[in-house]
Amino acid sequence: MQRDWMKSTATYTFTEKDHKNGVKHNFSYVAKDVSAEMITKFGGIIDSLTEGNLLDATVATTDHVSVDAPVKEEASVEAPKA
């Protein structure tokens, strides 16, 4: 079995006067090894450009898992009995 990173996305939730429960903004193509500090800094940048307040951030990663096909044992053929 092998596990390979495919992609990561970041979702930032902001509260605004029109969205008291929060509105989500998604960003694709996040780096494979993004740190929590980098996510927080980017959230601060977005926060400074909008009227809302940053409430939360979520990073989701998608991996591909290669599953080796199970090895099938060949059925043994018995010689006919006399």
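Residue positions are counted from 1 within each chain, in the order its sequence is given. Restriction of local features to residues with pLDDT of at least 70 applies here, the model being predicted, together with a cutoff of 80 or more for giving and counting side-chain atom pairs; totals for whole chains, interfaces and linings are based on all residues. No hydrogens and no water enter the side-chain calculation; it runs on all heavy atoms of the structure.

Asks: If you had to explain the environment of Ala 10 to someone new, which residues and values would you point to?
Replies: Mapping Ala 10 onto the fold places it in strand β1 (residues 2-16). Through-space distance from the C-alpha of Ala 10 to that of Thr 61 is 8.9 Å; in sequence the pair is 51 residues apart. In this analysis, two residues are considered to be in contact whenever any of their non-hydrogen atoms come within 4.5 Å of each other. Residues in contact with Ala 10, not counting those within four places in the same chain, are His 25, Asn 26, Phe 27, Val 30, Ile 39, Thr 58 and Val 59. Secondary structure elements follow DSSP: runs of H or I of four or more residues count as helices, runs of E of two or more count as strands, with numbering from the N terminus.

Asks: Any chance you could break down the pattern of salt bridges for me, citing the residues and the numbers?
Replies: Any Lys or Arg side-chain nitrogen located within 4 Å of an Asp or Glu carboxyl oxygen qualifies as a salt bridge. Taken as a whole and judged by the stated rule, the model has two salt bridges. Across the salt bridge formed by Asp 63 and Arg 3, the nearest N and O atoms sit 2.8 Å from each other. With Asp 63 in strand β3 (residues 53-66) and Arg 3 in strand β1, this pair connects stretches of sequence that are 60 residues apart. The exposure class assigned to Arg 3 is exposed, which follows from its relative accessible area of 62%. Notably, a salt bridge pairs Lys 41 with Glu 37, separated by 3.4 Å at the nearest N-O pair. Taken together, the positions of Lys 41 and Glu 37, both in helix α1 (residues 36-49) and four residues apart, correspond to about one turn of that helix. Here the two residues Lys 41 and Glu 37 agree in accessibility, since each one is exposed. With a 1.4 Å probe rolled over the protein chains alone, any residue whose accessible area is under 20% of its type maximum counts as buried; one over 50% counts as exposed, and the rest are partly exposed.

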